[in-house]
Amino acid sequence: MQAIRSILVVIEPEHSESLALKRAKLIAGVTGAHLHLLVCDKQHEHSALLSLLKSGLQEDGYSVSTEQAWNTSLHETIIDVQQAEGCGLVIKQHFPDSPLKKALLTPADWKLLRYCPCAVLLVKTATPWADGVILAAIDVGNSDAEHQQLHNAIIDHGFEIASLAKAQLHVISAHPSPMLSAADPTFQLRETIQARYREQCKAFQAAFDVDDSHLHIEEGPADVLIPFAAHKWQAAVTIIGTVARTGLSGALIGNTAEVILDAVESDVLVLKPQALMDHLEELATKA
């Protein structure tokens, strides 16, 4: 988070209070990052609004630039500007689609999560981050290099957000149910599964000072456990990661992240491994 020098903030003109801008100011106030405000609209002029927001932010000491743009679709416009401005984080307010619309069309925010080559923070509530709970969700069962890198990024961002908001960091990982037929005896008992997962967590626990009471290894599917945990601890932010899955583009987000986005009541920060971000950046530059 400290390394992010520029933040793209998506402004929705029809909503008077921008929750995305509120979060951006919090982060930029600590990191000193530049704010680039973007209105995605091809029909109406919003220069007066952008000028007003810019002058107010500059009076408060923020570094700000503004833009209105449109290119084919909402997510493509955001990614085009993110690439052009070199932003390391996109912040956008999430407005849920109706179940019918979602059944017929892929929601714009899902597309943004799939294809954006940088971290995306989707703001869902006005709940203050200060003194709250930051929930970092990792998949300890996957210990390959890509997942390890992603775990480190998730914990690192969680730790930084908890520090800037004076909040508590909790870490959760889902584990599979015991199977008596499992070839590895470890996976035949719930206790031995949890013990192995906790053992795999010791390195980052030591690095980030996460004690056992803030580490939760739970049985069940991640898309059920993570929203349950976020509700239980009333998380202000839930941080999740995604790796590529096979698909027509070769770089589609895992649908667990999409389910979690709709199910949690908190803001959601989505991170990707560097290799996937590099690939998506390559796709974006070719578009």
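Refer to the structure above for everything that follows.
A brief structural summary. (Residues numbered from 1 in each chain as written. Predicted model: local features only at pLDDT ≥ 70, side-chain atom pairs only at ≥ 80, totals over all residues. Heavy atoms only, no water.)

On to the nonpolar core, then. With 51 residues, the main nonpolar core has I7, V9, L37, L89, I91, V171 and L269 as its most contacted residues. At 7 residues, the largest contribution of residues to this core is made by helix α6 (residues 145-165). In this structure, L8, A69, V120 and V133 belong to the second largest nonpolar core, which totals 32 residues. (Core = buried A, V, L, I, M, F, W, Y, C linked by side-chain atoms within 4.5 Å. Buried < 20%, exposed > 50% of the residue type's maximum accessible area, 1.4 Å probe, protein only. Helix = DSSP H or I, 4+ residues; strand = E, 2+ residues; numbered from the N terminus.)

By definition, the strands of a sheet pair up through backbone hydrogen bonds, in either a parallel or an antiparallel sense. Reading across the sheet, the 10 strands line up as β3-β2-β1-β4-β5-β10-β9-β6-β7-β8 and stay open at both edges, with mixed pairing between neighbours. Of all the strands in the sheet, just β3 (64-69) and β8 (215-219) have a single pairing partner and so form its edges. Averaged over all pairs of adjacent strands, the angle between strand axes in this sheet comes to 20°, irrespective of strand direction. Of the strand pairs in this sheet, strand β1 (residues 6-10) and strand β2 (residues 34-40) are connected by 5 bridges, and their pairing is parallel. Each bridged residue has a counterpart across the sheet, and for V10 the counterpart in β2 is L38. Across the sheet, helix α2 (residues 47-59) is in contact with β2 and β3; its angle to β3 comes to roughly 165°. (Pairing = 2+ DSSP bridges. Axes fitted to C-alpha atoms, helices over the stretch in contact; angles between N-to-C directions. Contact = heavy atoms within 4.5 Å.)

Attention shifts here to the environment of T127. Of note, T127 is situated in the loop between β5 (119-123) and β6 (133-138). Taking the relative accessible area as the measure of exposure, T127 reaches 39% and is therefore partly exposed. A distance of 3.2 Å separates a polar atom in the side chain of T127 from a polar atom in the side chain of T125. (Polar contact = N/O pair within 3.5 Å; in protein donor to acceptor, adjacent residues only side chain to side chain.)

Moving on, we come to the packing of helix α3 (residues 74-85) against helix α5 (residues 108-115). Interhelical geometry of α3 versus α5 gives an angle of 35° and a closest axis separation of 8 Å. Pair α3 / α5 crosses with right-handed handedness. Facing L74, H75, I78 and I79 of α3, the residues of α5 in contact are A108, K111, L112 and Y115. For the contact of α3 with α5, a count of residues per class yields 6 nonpolar, 1 polar and 1 charged. (Left-handed = near helix turned anticlockwise from the far one by under 90°. Nonpolar A, V, L, I, M, F, W, Y, C, P; charged D, E, K, R; others polar.)

Moving on, we come to the pattern of salt bridges. The final tally for this structure, using the stated rule, is 4 salt bridges. Salt-bridge contacts for D267 lead to R23; the nearest nitrogen and oxygen are separated by 2.6 Å. One end of the pair, D267, is in strand β10 (residues 267-271); the other, R23, is in helix α1 (residues 19-31), and 244 residues separate them in sequence. As far as burial versus exposure is concerned, D267 and R23 are alike and both buried. The closest approach of N and O atoms between E199 and K202, which form a salt bridge, is 3.2 Å. Note that E199 and K202 are positioned in helix α7 (residues 190-208) at a spacing of 3 residues, about one turn of the helix. One salt-bridge network, held together by shared partners, links E12, K92 and D109. (Salt bridge = Lys/Arg side-chain N within 4 Å of Asp/Glu carboxyl O.)

Across the 7 residues that make up β2, a large majority, 6, are buried. Pairing between β2 and β3: 6 bridges, direction parallel. Its bridge partner being in β3, C40 is matched across the sheet by A69. In the classification by handedness, the crossover that spans β2, the intervening α2 and the parallel β3 is right-handed. (Right-handed = clockwise from strand over helix to strand, strands pointing away.)

For the rest of this paragraph, the subject is the side chain of D41. When you line up the elements, D41 lands in the loop between β2 and α2. At 8.3 Å, K42 is the nearest oppositely charged side chain to D41, a buried residue that forms no salt bridge. Polar side-chain contacts of D41 include one of 2.8 Å to the backbone nitrogen of Q43. A distance of 3.3 Å separates a polar side-chain atom of D41 from the backbone nitrogen of H44. Ignoring anything within four residues of it in the chain, the contact list for D41 reads H46, Q68, A69 and W70. (Lys, Arg positive; Asp, Glu negative; His and termini not counted.)

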